[in-house]
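# Chain and residue survey
Listed below, chain by chain, are the residues.
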Amino acid sequence: MRSRQRMFAAVMRLLLKCLRLGRRRRFKLVRQVEQLWHYGHLCLRSLLYNSFTNGDVVLDSLFEPVYWLVDHVTRWFGVVFVALVIGLTSSIVAIVYICLLPLILQTYTPAWICWHLAYGHWNLIMIVFHYYMAITTSPGHPPQAKNDLTGVSICRKCIAPKPARTHHCSICNRCVLKMDHHCPWLNNCVGHYNHRYFFSFCLFMTMGCIYCSISGWEMFRDAYAAIERMKLLEKERLQVAANQTYYQTPPPTFSFRQRAFHKSVVYLWVLCSSVALALGALTLWHAALITRGETSIERHINRKERQRLQKKGKVSIVHGMRAGWGRARCDAPVPVLQVFRNPYSYGSWDNWKVFLGVDVPRHWLTRVLLPSPHPPHGTGLSWDLPPCVIEQRAPLLAI
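Residues numbered from 1 in each chain as written. Predicted model: local features only at pLDDT ≥ 70, side-chain atom pairs only at ≥ 80, totals over all residues. Heavy atoms only, no water.

With an unreviewed UniProt entry as reference, the protein chain is termed Palmitoyltransferase, source organism Poecile atricapillus. Under the heading Catalytic activity (unreviewed entry), UniProt records this for the protein chain: "L-cysteinyl-[protein] + hexadecanoyl-CoA = S-hexadecanoyl-L-cysteinyl-[protein] + CoA". Of the comments in the UniProt record for the protein chain, the one headed Sequence similarities (unreviewed entry) reads "Belongs to the DHHC palmitoyltransferase family." (UniProt positions renumbered as here; feature names shortened; annotations may be inferred.)

In structure tokens:
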């Protein structure tokens, strides 16, 4: 009995030793794997370390294949996008002239007929003029030869002078003066010489789509109800035809002209409403940029500059006017936080005058409400004070 107990105890001790030995080996293997992981992670960080790397750089690197694809696809499909704009716009105009205009002349009062004819044709002329000018007008490019321009840098891709507000377009493969963006719907860059044409086209196209959506709302409802009624009657006609007897007659069918008319009205309203929402949002975005006196690219640059100044958190002393209630004003140094101001902004109202080229009050009629091919202020190589700006607002900080 005792021998059995001793043997059982010996077996258990041997088993416990084996288990402890296996546990030590497992711990040793885990430690080796952790050491290799930390070593590999350190080697990878040492190879990829860069003091200028941040989240934006990593995100741009990840999206670099997408940028390459967009650049090459946009370059080849620009003509297709332009043809699509022309085709859709022409289809809407054709529906208005063929389907809606005869109905307007028969049912509306003379005052409303004059209003629709005047406003509709004026809006159409403005759309066609500004779209044609935006496509055919060059945005402006800096000279490739050396010149006496001051404050210019060198483009790393063109190896040519790069004036202020000039940026390189990877799709056009050249620098563009006051570049805003490359628009595939124009198959052209939006820059210094055609920025006004691009915005005016967006504005008048949005106005035209809103006008068609509001004016055709009642027609759209009637046409949609008629199409649903057509579907119901067509289903009934098929059922009657399947169970037709000698004394039964199928319900009347709609003609091809009636079907085409109702479907054209629905197509017009849906397309105009969709374009009004999408293009209206884009127009409001560019209107906000024009109010601030900056382009889409400059907004990104200015935002980064403001973030950099906020991180520095420095305080500067600026001489200003300190005013008090019931006390006279006096010049005194007022401590304020250092802020960034766009050096090309002259104030909201003056920014619009500079952008639209309004020098005198009559220009609001001849240059804004009527087609006008007048060039913008300046050459895009230097940015002097425009003559329409009364007082220049000196920036606190400029880049």
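Don't stop here, the text continues.
Time to look at the overall build of the protein chain. Counting its regular elements, the protein chain contains ten helices and eight strands. Each of the 399 residues in the protein chain was classed as buried or not, and the buried ones make up 31%. Of the contacts made within the protein chain by residues no fewer than 6 positions apart, 66% connect residues no fewer than 24 positions apart. Total accessible area on the protein chain is roughly 27,300 Å²; 65% of this is exposed by carbon and sulfur atoms. (Helix = DSSP H or I, 4+ residues; strand = E, 2+ residues; numbered from the N terminus. Buried < 20%, exposed > 50% of the residue type's maximum accessible area, 1.4 Å probe, protein only. Contact = heavy atoms within 4.5 Å. Areas by Shrake-Rupley, 256 points an atom, 1.4 Å probe, with all protein chains shown as cover.)

Tallying each qualifying case throughout the model produces three salt bridges. Note that Glu-298 is salt-bridged to Arg-165, the shortest N-O span being 2.6 Å. With Glu-298 in helix 8 (residues 296-312) and Arg-165 in the loop between strand 2 (161-162) and strand 3 (167-169), the pair connects residues that are 133 residues apart, well separated along the chain. A relative accessible area of 6% means that Glu-298 is categorised as buried. When its relative accessible area of 11% is taken as the criterion, Arg-165 is described as buried. (Salt bridge = Lys/Arg side-chain N within 4 Å of Asp/Glu carboxyl O.)

Further remarks concern unusual backbone geometry. Unusually for a residue other than glycine, Arg-165 sits at a positive phi of about 70°. Backbone geometry at Lys-178 places phi at a positive 45°, although glycine is not the residue there. Here Lys-178 shows up in the loop between strand 4 (174-176) and strand 5 (181-183). Of the residues examined, Lys-178 reaches a relative accessible area of 14% and is grouped as buried.

A separate point is helix 7 (residues 256-292). The end-to-end C-alpha distance of helix 7 is 53 Å, a good match for the 54 Å that 37 residues give at a rise of 1.5 Å each. Of the residues one or two after helix 7, Gly-293 is the one with positive phi, at around 75°. (Expected span 1.5 Å × (residues − 1).)

Here we come to the state of the cysteines. In total, this model carries zero disulfides according to the counting rule given. Left without a disulfide partner, Cys-172 is nearest to the cysteine sulfur of Cys-189, which lies 3.5 Å away. Unpaired in this structure, Cys-272 has its nearest cysteine sulfur neighbour in Cys-212, at a distance of 4.3 Å. (Disulfide = S-S within 2.5 Å.)

Together, Arg-299, Arg-303, Lys-304 and Arg-306 line one region of the surface with positive charge. With respect to the secondary-structure elements, Arg-299 resides in helix 8. Here Arg-299 falls in the partly exposed class, since its relative accessible area comes to 31%. (Patch = residues over 30% accessible without salt bridge, like charges linked within 9 Å, V, L, I, M, F, W, Y side chains within 5 Å. Lys, Arg positive; Asp, Glu negative; His and termini not counted. Charge placed at Lys NZ, Arg CZ, Asp CG, Glu CD.)

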